[in-house]
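Secondary and tertiary structure notes
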Amino acid sequence: MEIYNFMIYSWAGALLVGIACSLIGVIVVTMGISFLGVCMSHAAFAGALAGIILGINPVICAFIFCFIVAGILGPISDRGDIKPDTSLGIIFSSSLGLSFLFLPLIPGSKSEGLRFLWGNILTISNSDLFILCAVTIVTIGFVIAFFKEIQILIFNRILAVASGIPARAIYYLILFLCGATITASIKAVGGLLVFALIVNPAAAAYQLTYDLKKMFLISSIFGMASGCLGLLVSFWLNIPAGAPIALCSVIIFTIATIFSPKKGTVYEMRKA
Amino acid sequence: MKNIIFDSVSVARAGRIIIKNASFTIKTGECVALYGPNGAGKTTILNLINGLLFAFQGKIVVGDTTLTKNTALSVQLITGYVPQNFEVDSRIPILAKTVVLSGIYGKLGLFHYPSQQHFDKVRKIMELFEIGHIFDRPFGQISGGEKQKTMIARAMMQEPEILLLDEPFSSISESSKWKILEIIKHWKKEKNITILLVSHEKQVIEKLCNKIFYLEEGTIVSQESIDGNL
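A brief structural summary.

What counts and how
Residues numbered from 1 in each chain as written. Chains lettered and ligands numbered in written order. Predicted model: local features only at pLDDT ≥ 70, side-chain atom pairs only at ≥ 80, totals over all residues. Heavy atoms only, no water. Phe/Tyr/Trp six-rings, centres within 6.5 Å; stacked < 30°, edge-to-face > 60°. Buried < 20%, exposed > 50% of the residue type's maximum accessible area, 1.4 Å probe, protein only. Lys NZ or Arg CZ within 6 Å of the ring centre and 35° of its normal. Contact = heavy atoms within 4.5 Å. Buried area = accessible area lost by both parts, 1.4 Å probe. Salt bridge = Lys/Arg side-chain N within 4 Å of Asp/Glu carboxyl O. Polar contact = N/O pair within 3.5 Å; in protein donor to acceptor, adjacent residues only side chain to side chain. Helix = DSSP H or I, 4+ residues; strand = E, 2+ residues; numbered from the N terminus. Pairing = 2+ DSSP bridges. Axes fitted to C-alpha atoms, helices over the stretch in contact; angles between N-to-C directions.

**Some points on the packing of aromatic side chains**
Under the defined criterion, the tally for this structure stands at twelve aromatic pairs over all chains. Taken together, a centroid distance of 5.2 Å and an interplanar angle of 45 degrees make the contact between F142 of chain A and F146 of chain A tilted. By relative accessible area, F142 of chain A is classed as buried at 7%. The exposure class assigned to F146 of chain A is buried, which follows from its relative accessible area of 11%. One aromatic cluster is present, formed by F63, F67 and F176 of chain A through successive ring pairs. Cation over ring: R157 of chain A sits above Y171 of chain A, and NZ or CZ is 4.0 Å from the ring centre. Of note, K202 of chain B hangs over the ring of Y35 of chain B, and the distance from its end group to the ring centre comes to 4.7 Å.

Here you go:
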């Protein structure tokens, strides 16, 4: 019965991580802030380590760190004094620095801390699954509720403001939601590899369609496929699931790029 | 009445004053051209009316509203904006019809979705601008002229009381340009909208506007009236 439960949790986890990460991925990829995923995932990792050191729930601490990063990035991006990639780079290096600082400070074995770096979908618990499920539902709800605002934000943020869209509030919501998604996924796929599930399915979908609705749908399918295929490979080879999940998403991206109707290799060959 | 009043307005960016003590009034239904060399502050004036920038000195009044960060939204909802040199990633997943439709997103408000009637109106406006054939085409894949027409159609979709046009015809062919000018002129007369046009083309200005503000280094150095266009 226990084996049965662990299998169900793993598959459900793979599907939920795939959906949540790939949906938020569509927004960050199309807005040209893909690096936000790396930044947030490392902040979540640093937060989780701080939680272990302080004896607080690491997931809650990871949430707090991600929200701090979102709270810093939003105003920096609004002021426009520093380019987004520069501010992301500074916050990324700070998070990485904190992670390396915190890791040796963990008393005793470092395996608890490293679990958040590599992740293990096979060990996710009932409560992890509940958080993942809640974050996935919120993400889907956000995309449906704010679809038209997301469309115009992706198109042009200044034009969105000029049209009377609460662009700043929605941008901040995107940052916080990205943080929440990454934190919820970190135990399953790890702080290093969650970035792959944010960027790759969305980047693959970006190659295949000009319709944003379809892009959300295709990205979710690719996200779920990456999660499930990765899990299959992990069972088959008896290795942790994070790496095969990330690599499956890379393979999907590569295939999508080759067959892309937007100047993919096959498209160009047919045209010639 | 949506008069636009600039009262001793000064704007600075990156430590440099880009608008110096500007004072003028634009009455409802007027069309004013902003004319001057690059960097004179023409686009800045449009951005001030649009609530994208704020003055450090003086005040701007649109209708009954004094523009501040808190009141900008009410002005943005009645202001159509066509930015200059509009470039996007050629693979962006946004269709031309969506761009035109997005003109009403602000007025629709949060949690309200466009209806079939809105899509019908989009098609009608796009056909009026002779871009009906790009209805379902990706915005990034259409030509520069089609992009500019789409952006003007988007502003029209918004049904604004104030229209801000920033070099809106720079990529549009000569024949299309005069047709669109006629559409805007007709529209202005019918709805009594106020227009601010940034353009380097004197012919375009003379066809559409009834007043020209000449700008140099952030200062309005002179004004000129054009008869017959009001």
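More follows now that the structure is in view.
**Some remarks on the interface of chain A and chain B**
Chain A puts 28 residues into the contact, and the matching count from chain B is 34 residues. Roughly 2,600 Å² is buried in total at the junction of chain A and chain B, and carbon and sulfur atoms are behind 67% of that figure. Here chain A and chain B share zero salt bridges between them. Along the contact surface separating chain A from chain B lie twelve residue pairs in polar contact (both at pLDDT 80 or more). Among the elements that take part in the side of chain A that touches chain B, helix α7 (residues 147-155) of chain A stands out by supplying six residues, more than any other.

**Some details on the sheet that holds strand β2 (residues 16-26) of chain B**
Strand pairs in the sheet, formed through backbone hydrogen bonds, run parallel or antiparallel to each other. All names here are of chain B. If you trace the four strands from one edge of the open sheet to the other, you get β2-β1-β4-β5, paired in antiparallel fashion. Looking at which strands have only one partner, the edges of the open sheet turn out to be β2 and β5 (65-66). The pairing of strand β4 (residues 57-62) with β5 spans two bridges and is antiparallel. Note that in β5 the partner of V62 across the bridge is T65. Most of the contacts of helix α1 (residues 42-49) go to strand β1 (residues 4-13), to which it runs at about 115 degrees, and overall it touches β1, β2 and β4.

Any functional reading would require information that these geometric values do not contain.
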